[in-house]
Amino acid sequence: VGERDVIVRLTADNPFVDPVVLQKLLTYFEECPYSYASTSGYPLGLGGEVFTFRKLEEAFQFARKQYEREHVTPYMYRNADEIGQIVSPKNYSQYRFTVDTPEDFAFARAVYDVLYHGKHDFYLDDIIKLLGSHPEIQKINCNVHQKQLGE
């Protein structure tokens, strides 16, 4: 396994991963010297994380806390000299596009009910436009508290 073998981490509780954002992250990672990179300013659940296989091995060897082992990457970003991030041109961090609670599931279902027509061909801009024209959908999970690591 080479030093820059790349791993992309996407999780099943994030049904709205945007391939355009993910491609920006991968391009950034390929051009940067960091061993870990992620997205910032995007809705929770839209982006992903990219890291080297060597960084994953390091986390496997040295992560000791249960949440570091369960969530895979906390050890990486808490024990790195520098980490890379691509930042959204507009801050969308107030939105939750992840599915951790019944409210999140109801939000996802409402988005799919409107935008899904036999093919998942809608992404960040489409969802933001939908929320602008249907603010009641955004309200479905706007009060959900995101658990912090270790909670």
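In this report, the structure presented in the accompanying data block is examined. (Residues numbered from 1 in each chain as written. Predicted model: local features only at pLDDT ≥ 70, side-chain atom pairs only at ≥ 80, totals over all residues. Heavy atoms only, no water.)

**Details of the layout of surface pockets**
Inference 1: The calculated volume of the second largest pocket comes to roughly 170 Å³.
Inference 2: Around the second largest pocket, the lining residues are Asp18, Val20, Val21, Lys24, Tyr42, Ser88, Pro89, Lys90, Tyr92, Tyr123, Leu124 and Asp125.
Inference 3: Elements supplying a minimum of two residues to the lining of the second largest pocket: helix H1 (19-31) and helix H6 (124-133).
Inference 4: Here the element with the most residues in the lining of the second largest pocket is H1; it accounts for 3 residues. (1 Å grid on protein atoms, 1.4 Å probe; cavity = no way out; pocket = protein on both sides within 12 Å on 5 of 7 lines; lining within 4 Å. Points joined across faces, edges and corners; volume = space filled by probe spheres on them. Helix = DSSP H or I, 4+ residues; strand = E, 2+ residues; numbered from the N terminus.)

**Structural notes on the sheet that holds strand S2 (residues 36-40)**
Inference 1: Spatially, S1-S3-S2-S4 is the arrangement adopted by the 4 strands of the open sheet, whose pairing is mixed. Bordering the open sheet on either side are strand S1 (6-9) and strand S4 (84-87), each of which pairs with just one other strand. Strand-to-strand twist of the sheet, defined as the mean angle between neighbouring strand axes without regard to direction, takes the value 20°.
Inference 2: Alignment of S2 against strand S3 (residues 49-52), held across 3 bridges, turns out to be antiparallel. Following the sheet pairing, Ala37 is matched in S3 by Val50.
Inference 3: Across the sheet, H1 is in contact with S1, S2, S3 and S4; its angle to S2 comes to roughly 145°.
Inference 4: Along the sheet face, helix H2 (residues 53-62) touches S1 and S3 and points at about 85° away from the line of S3. (Pairing = 2+ DSSP bridges. Axes fitted to C-alpha atoms, helices over the stretch in contact; angles between N-to-C directions. Contact = heavy atoms within 4.5 Å.)

**Re the nonpolar core**
Inference 1: In terms of nonpolar packing, the biggest core is built from 28 residues, with Phe16, Phe97, Val111 and Ile127 touching the most fellow members.
Inference 2: Sequence-distant contacts of Val111, defined by excluding residues within four places in its chain, comprise Phe16, Tyr116, Phe122, Ile127, Leu130 and Ile137.
Inference 3: One finds Phe51, Ala59, Tyr75 and Met76 within the second-largest nonpolar core, a separate group that totals 5 residues. (Core = buried A, V, L, I, M, F, W, Y, C linked by side-chain atoms within 4.5 Å. Buried < 20%, exposed > 50% of the residue type's maximum accessible area, 1.4 Å probe, protein only.)

**Overview of the side chain of Asp18**
Inference 1: Examined against the element boundaries, Asp18 turns out to sit in the loop between S1 and H1.
Inference 2: An unpaired buried charge is present at Asp18: no salt bridge exists, and Lys24, the closest side chain of opposite charge, is 7.9 Å distant. (Lys, Arg positive; Asp, Glu negative; His and termini not counted. Salt bridge = Lys/Arg side-chain N within 4 Å of Asp/Glu carboxyl O.)

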